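Residue-level listing of the chains:
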Amino acid sequence: MTRLDALLGLELPLLQAGMGAVAGPALCAAVSRAGAGGTLALYKEPPARAARLVREVAAATDRPFGVNVVPEVTGPARCLDQLRAVLPELPGGGFVTAFGLLGTEAVRAVQASGHPLVVQTGTLADAGTALGQGAAALVLQGTEAGGHLLGRDPVDRLLATVRARHPRAVLAVAGGIATGTDLADAVARGADGAMAGTLFVPAEESTAHPEFKRRVIEAAAEDTLITSLFDIGWPRRPHRVLRNPLTTTTDRAPATFIATTRVDGRNHPVPRYSAAAPGDATTGRIEEMAMYCGRSCTRVTTAHPAAAVVARIRREYEAGRQIAEGAPNATTAAHTNRSEEPHRIQER
């Protein structure tokens, strides 16, 4: 058992990322029931609907699960409203994950609820700030990860830097995790666990659009790139996506509506260059939308139920840990053989 397992009551030190348009109640509950850290994406959900979604997950699993908030998208006030709505609904053993730093009031609300706070960061400075605010654990996001990026360092470098400065902190890593061997390797290098997003996009319970799932399964690492194109609704934050017709041209097309997403019976138009990912209720020019995907997609090749995904990760992880205990350099050597040159952020 790692410290992340012990802190969150998990059977496997793996968190499923709270991805908007992907991580709905079904995926969260399925990952939770399988023994990993299922996480419900709150993203821009209105507080009342967010509370309803949490109740839906709680009715579907008796194991720990979390909720994810994105304060830099919602703003501090809306984020606080979301938390005040969902914290009373979150069962004992539940946890809160935040993409980026939370405001002081939001941190106090989580701490008052008694639920552990897990903060995702991408820099040494933000890691120190989050721990100083009282975060129980950190998720260190490297530039290998899909989605919006919080820093400029590969995950290995970030983990080494933060671990050296904060040797007692509970640290998970995000970026490059698609197999149990990847997870065992991360633990061998000083992490207490990991978070995976790309791995769960094609899962049967994921609410990602079928085309999004297909593209992730068929993609290799070289099919992803870091860009700043999809900035409507989430500006000034580079992001790793799959290449599409918009990323292959130097001319920016008009930001006209190209798709529609239906939520709670209402249609919401989606402009070209929106930060929104395509969900299963999205129609229109899906191929032009942001499909967030990490470099680990090379090792994501099938669409199984989440329980099967977690079970495979668990088997591979246990085998990898046994190898590591028998030969301390084995998993590190395997990682070295798999590793690619550190990649730098190149914004468009």
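About the criteria used
- Residues numbered from 1 in each chain as written.
- Predicted model: local features only at pLDDT ≥ 70, side-chain atom pairs only at ≥ 80, totals over all residues.
- Heavy atoms only, no water.
- Pairing = 2+ DSSP bridges.
- Helix = DSSP H or I, 4+ residues; strand = E, 2+ residues; numbered from the N terminus.
- Salt bridge = Lys/Arg side-chain N within 4 Å of Asp/Glu carboxyl O.
- Buried < 20%, exposed > 50% of the residue type's maximum accessible area, 1.4 Å probe, protein only.
- Disulfide = S-S within 2.5 Å.
- Right-handed = clockwise from strand over helix to strand, strands pointing away.

> What exactly am I supposed to notice about the sheet that holds strand E11 (residues 239–242) here?
Working definition: the strands of a sheet are paired by backbone hydrogen bonds and lie parallel or antiparallel to each other. Taken in spatial order, the three strands of this open sheet run E7-E11-E10, and their pairing is antiparallel. Each edge of the open sheet carries a strand with a single partner, namely strand E7 (147–148) and strand E10 (224–227). Alignment of E7 against E11, held across two bridges, turns out to be antiparallel. Within the sheet, the bridge partner assigned to histidine 148 lies in E11 and is histidine 239.

> I tried to follow the pattern of salt bridges on my own but got confused; where do I start?
In a structure, side chains of opposite charge can pair up when their charged atoms sit close to one another. Considering all chains together, one arrives at 21 salt bridges under this definition. Residue glutamate 11 is joined to arginine 314 by a salt bridge in which the shortest nitrogen-to-oxygen separation is 3.1 Å. Pair noted here: glutamate 11 is in the loop between helix H1 (3–8) and strand E1 (14–16) and arginine 314 is in helix H11 (residues 306–326), with a separation of 303 residues, a long-range link. We classify glutamate 11 as partly exposed; its relative accessible area is 43%. Residues arginine 189 and aspartate 156 are paired through a salt bridge, measuring 2.4 Å at the closest nitrogen-oxygen approach. With a gap of 33 residues between them, arginine 189 in the loop between helix H9 (180–188) and strand E9 (193–196) and aspartate 156 in helix H8 (residues 155–165) connect regions that are remote in the sequence. Taking relative accessible area as the criterion, arginine 189 reaches 26% and is therefore assigned partly exposed.

> Please explain the state of the cysteines as it appears in this structure.
Here is the idea: a disulfide is a covalent bond, and it sits between the sulfur atoms of two cysteines. Under the criterion given, the structure shown has zero disulfides. Cysteine 28 takes part in no disulfide bond, and the closest cysteine sulfur, belonging to cysteine 79, lies 17 Å away. The class for cysteine 28 is buried, based on a relative accessible area of 0%. Residue cysteine 293 stays outside any disulfide, its sulfur separated by 3.8 Å from that of cysteine 297, the closest cysteine. On the basis of relative accessible area, cysteine 293 is assigned to the buried category, the value being 0%.

> In this structure, what is going on with the pairing of strand E4 (residues 95–99)? I would like to understand it.
Summarising burial for E4: five of the five residues are buried, a large majority. The alternating pattern of E4 places Phe95, Thr97 and Phe99 on one face and Val96 and Ala98 on the opposite face, and all of these are buried. Looking at chain direction, strand E3 (residues 65–69) and E4 are connected through four bridges and run parallel. Each residue of the ladder has a partner; that of asparagine 68, found in E4, is threonine 97. One ladder, built from four bridges, connects E4 with strand E5 (residues 117–121); its direction is parallel. When the bridges of E5 are listed, alanine 98 appears paired with valine 119. After leaving E4, the chain enters helix H6 (residues 104–113) and then returns to the sheet as E5, a path that is right-handed.

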